[in-house]
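Topology and contacts: notes
What follows is the residue order along each chain.
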Amino acid sequence: MKGGYAGKFLRVDLSSGSVSEEPLPSDEILRKYIGGLGLGAWIINNEVPMNVHALDPENRLVFTTGPITGTLIQSSSDWTVTSVRHELHSKVIHGSHSHGYWGAFLKLNGFDGIIVQGAAASPTYLWIHDGEAELRDASGIWGLDTHETEDAVVVDIGMVAETSVAAIGPAGENLVEAASIENDKMHSASKGMGCIMGAKKLKAIAVTRGPYPVPIANPKEFLQVSLEWHKTVEGTHVIAHAARARPPDAGDAPYFTTGKNFSDPEWSKEFRRGVSEESEKFPVHPRGCWACPSPCAYGIDVTTGPHAGYEATLAGGFENSEGAAAMAGVDEPGTVLYLTDLVDRLGLDVGTPSCAIGLAIECFEKGILTKEKTGGLELRWGDAEMTEKLWRMIAYKEGFGAILAEGPKKTAEYIGGEAPNMVVHVKGSGPNLHDWRARPSIIVGQAVCPAGPCWQGSLGSELMGEPDLGFEPQDPWEMKGKGALLAGTQKRSTFEDVNGVCWFAANINMRRTPGYHTLMARSIATAVGWDDFSHEEVLEVGERVMNLQRVYGIRRGMTKADDLDIGPRFMEPHTTGAYAGLDIRPHLVGMIEEFYESMGWSKEEGKPLPETLKRLGLDDLIPPLYAEPAGSKPT
Amino acid sequence: MKRHVIIGNSHAATTAVEWLRKVSDSDEVVLISREDGSPYSPALTTYYLSGKMSYEQMFYLDYSFYKKHNVEPLLGAGKAVVQIDAAGKAVTLADGTSVPYDDLLIATGSKSIVPSMDGGRLPGVLTLWTAEDARKIDDAAQTAKRVTVVGGGLIGIQTVNAMVARGKQVTQIEMLSRVMPVAMDADGGKIIEARYRDVGVDLRLEQRVDRIEDSNGQKILTLASGDQVEADMVVMAVGVVPNIDFLDGAGIKVDRGIVIDDHSKTNVEGIYAAGDCAASVDAISGELSVFAIIPAATEHGRVAGLNMGGLPTARLRNLGLNSFTPLGVPCGSVGILDEGNGREGIITVNSGGDYRKLIFEGDRLVGAVLIGKPLDEGGLLASLIEMRLTDPKLKSELQQGSAAMNYIRLLAQEKGLASELAIPARWTS
Amino acid sequence: MTKGLLINASRCIACRACEVACSLSHEGEIDPSKSLIGMQLFNEAYFYYPMVCAQCEIPYCALNCPTRALEKNPETGQVDFIADKCINCNLCTVTCPFGAVTVRDGLAHKCDLCDGDPWCVKFCEVGAISYGELPEPADHLRALPYLRFTDEVVPLTPVTGDAPTA
């Protein structure tokens, strides 16, 4: 190994208050898992026993980068936080990704990652600078929202320039399952990683840009690969660069927009159109991430409506706004941006809570839920003030908010009656919030993803095709073959989760470019110095990490029944519009089984076959998977 | 066609030639110097002595310079200017020649002060300024083991640096309580002193040399305190003065140096002066000053050359700009370094060998002392100083943000481009 | 006609690819502190400025270089650096009005325009940095160092006109 990696890990034991450095795993392990989610999952699998609950101090919170993070490859801003996911009953290993500058700054301090274990007795934060780390008192910061925390930490360390702060908000502190970690005011690592940080009483990790160069094995060739990558992406961003950080509105995209608990695709379509057009009038200030000219992060000044004068700092696509506002039927543009920013400030991911909010409001509107069960709250579509109140109640687990914080499935059970038939969820949690009923493969992807519903599992190439996987653009109505397609795309997606590049900004359109996998392989080869790293290895690494996660999940009790546990509303066909009648339900089991078989997993249980694990060099997982009783459930 | 006569053959003179030629191809240019040879830089003598460069490399331009710029050189001891006839517009040389001019640039630089103490002119007691001086010191240093340097200013410090680099056992004697009284502040001087002491330099502060005696080639320096220091060789580096002893009768106004305006003109029509021999108004302090530094020489020379060539031009900058590298540590200073008189010094960096002190006059930045990494900001701090802006935010912002950010912010504000620019007190900067 | 890097700060989004491309192409490693183009970030105002050598008409770094290691190339108009001649005296650093010449490892460092094909430009997709002919000032001998904030060239005077005269 000659380059790409900074060279060591930082281990933080919050129980003893100690920080120490340790070498990276062997070259062989690095090549098998690369970094990001891969290395994170490998560490969780090694260090967190099957009976340890997500919020137990013995759980690990592993911050990792990839060998490409902080380099010149387009959008190499990715950093990952991997842990046992609190959602899904602590059954899976999940890797959440965030961007901005944090990951690159960490590597410039000489660290490829941070392994956090134990729990602090009192609120604490970690500051990394000049290649060193120190734990500091966060008592005065505890309780602040994520944006306030970033500012307060920078003040506390003495206004040191070029400091990037990743922090939790009230949701993480209150152990809300959907709590996220937010950084650089605009970015977040979602899917519940914030509550694990909260359980450890770790309020923030501040990283000041460090003084240690990141080595590159073959700088000349790496420059060429970077340039080629850059040229391939140029002009094909999903996000129009340096201009308007707005959701793309091409083709049939409106029908992917959700709102009002997935009950009204026409309203959602109108929501998207209205908010996109109206917010065009607001001044937008794009901001890149590390080496990313495709600024999906932006500040935006609300100039009209009740929140005129508010400056929101956002990133990504429309997913967050669909969750923060549309699911509650709120569509006033300034309020949409305000609520989206509010959810970030509270340190929440929109997916899970918004599916609970949407369900509750729909049930209330239909008389299934009444004031007796909401603590006196009257829930109506489009009530912005109530929506804000609900988000705050969720973050602080107050009153009815404590129910919603448990997620849509539990909220449905609490409401009772017809509610369980009206709910959107995947394994009890919220999916990534678009209306995937127009994209059956993505519903299946959310369902079978070994990390639970998240992007790792679900970005298919359905309409785009992926030449490197041998797929032409697919007809969404054709259900056959989608399981096989998903197996390929998930392997590739999982690789995109280990190398240190943000797929959202950089790669979406590269996937339809022939040679994309080779380019990824060459970036690793030239950065690290594994000259023979091939495009086959790209998929193999992705497959290995998926299998590791799958085995870990099964050992913790994950079953095929869990994969089939999807809220009915999430599969109900549209009744109007371009996708009216597209019905995944009759095909679901077949598609999932096709996926299992394509993965080399048993059709009956989705259990990785011994030969699959052997082929991937995961022999040591065979005995525990087949010998021990499944589901040594954490308490 | 005009005839321009330039006296001198170093930075001020050669810069004047180069910029004069940018606006005038055809005028006649005569360059007169008492030293025979192509242009060299007195600032390089200590680099030569330290072994960083060869003797020849001090000569930063070769003879082709004169040809390239169509200059007639009159070089050598016989060509030394002995008198200026301002009324008759001619200079008289040592060999009796009279050289007429339409305009004249005096860029004769400075010369070493030789103290009038007993033994100040003994063999083996040397001064350092010219290339010839440097050659003599180099010769003496071949055999000398113990070297005493008298004087703690820029030349003294650089000489010590060179002698340490050559493995000599060095004693340095300074009258004041610290070294670098001009180019550093007291704390900066202390940092440098400490570094020299660390490598074994015997530094004697607040000591004056009373006399020097020779005992079988050994020099014995007797200090005012009565202490004695033995040395194989002594370098007197007590300072330089303008080299202007030929001005008598010319009517040129002198106040320590030849007084020039911002066009490098003296009080006498047709006569310019530039560089170490000139006294000009410090753009920051407003006081008449003699800058014996390259940046002043080149700017005076540039402006003189353009004006002589027919393009009326005022200089853009005139402030103290120093840099030196004792023991490999980059050091420098910009503008006014003295506190008091309503000036306040704020040390914003002082760790790990790095040091940055900013000097403010109210809300206006007037100077900076820089050691180590902060020196990289020297040029930008100079720009900020030269902007002469009174900005209440500058003081606090320079403590967090970089000089570059403040420079951009102030320029943008001045141009009305981005009045809201604020140094981020938040996350990244 | 001098070719150099043209900065249009209004387009910059602070992705810092210029710094990475510079340090990787010149040093073979990634270290923004070794980049010859330096991002200045005004985050609250969403204003970012990549500072770099302006190939000044009055090149103070070259003017004051006692060994002529820095020299304005009469043919290209660019300020060239000849490393062999550098003696690490730092005068360039204290005289460059933009802080675009830094000293590291005993040598001055400044933008060398990558032999006419700058890496930073290749990676600046938003067009904040481009390589082209620097604007010709009305009187090139009077032209001062300048910074570009927008598409418009903004000439700047480092000393305001009220410098006292003797």
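Located above this text is the structure these notes cover.
Residues numbered from 1 in each chain as written. Chains lettered and ligands numbered in written order. Predicted model: local features only at pLDDT ≥ 70, side-chain atom pairs only at ≥ 80, totals over all residues.

Overview of the overall build of chain C
The condition that has to hold: Here a helix means four or more residues in a row that DSSP labels H or I, a strand means two or more in a row labelled E, and each is numbered from the N terminus. For every residue, the other C-beta atoms within 10 Å of its own C-beta are counted; 20 or more classify it as buried, 12 or fewer as exposed, and values in between as partly exposed. C-beta atoms are placed from the backbone. We call two residues in contact when their backbone-placed C-beta atoms lie within 7 Å.
A count of helices and strands for chain C gives 4 helices and 11 strands. The 166 residues of chain C split such that 58% are buried. Put simply, 55% of the contacts in chain C that link residues at least 6 apart link residues at least 24 apart.

Side note on helix α1 (residues 11–23) of chain B
Residues that lie three or four places apart on an α-helix share one face, since the helix turns once every 3.6 residues. Quick reminder of the rule: Multiply 1.5 Å by the residue count of a helix minus one, and that product is the helix's expected span.
The first and last C-alpha atoms of α1(B) sit 19 Å apart over 13 residues, in line with the 18 Å expected at 1.5 Å per residue. Restricting attention to buried positions, one finds in α1(B) the residues H11(B), A12(B), A13(B), T14(B), T15(B), A16(B), V17(B), W19(B) and L20(B).

Here's the deal with the pairing of strand β15 (residues 228–231) of chain B
Residue and element names in this part refer to chain B. Basically, it comes down to this: DSSP bridges decide pairing: two strands pair if at least two such bridges lie between them.
Residues V229 and A231 of β15 are buried on one face, while the alternating residues Q228 and E230, pointing to the opposite face, are not. The sheet contact formed by strand β14 (residues 218–223) and β15 spans 4 bridges and is antiparallel. When the bridges of β15 are listed, T222 appears paired with Q228. Between the antiparallel neighbours β14 and β15 lie 4 residues, among them G226 with a positive phi of about 100 degrees.

What about the nonpolar core?
This is how it is decided: The term nonpolar core refers to a group of buried residues, namely Ala, Val, Leu, Ile, Met, Phe, Trp, Tyr and Cys, whose C-beta atoms join them within 7 Å.
The biggest cluster of nonpolar side chains holds 390 residues, and the ones touching the most others in it are A360(A), A16(B) and L105(B). Among the elements that line this core, the one with the most residues is helix α21 (residues 535–555) of chain A, at 9 residues. The residues touching L105(B), leaving out its near neighbours within four places in the chain, are I6(B), I7(B), A16(B), Y272(B), A273(B), A274(B), A304(B) and M308(B).

Notes on the pairing of strand β9 (residues 163–167) of chain A
All names here are of chain A. Among the 5 residues that make up β9, 5 are buried, leaving the element largely enclosed by the rest of the structure. The side-chain alternation of β9 yields two buried faces, one formed by T163, V165 and A167 and the other by S164 and A166. Bridge count for β9 against strand β12 (residues 202–208) is 5 bridges, and the pairing is antiparallel. Within β12, the residue paired with A167 across the bridge is A204. Of the pairings in the sheet, the one linking β9 to strand β10 (residues 181–183) comprises 2 bridges and is antiparallel in character. If you follow A166 over to β10, its bridge partner there is N183.

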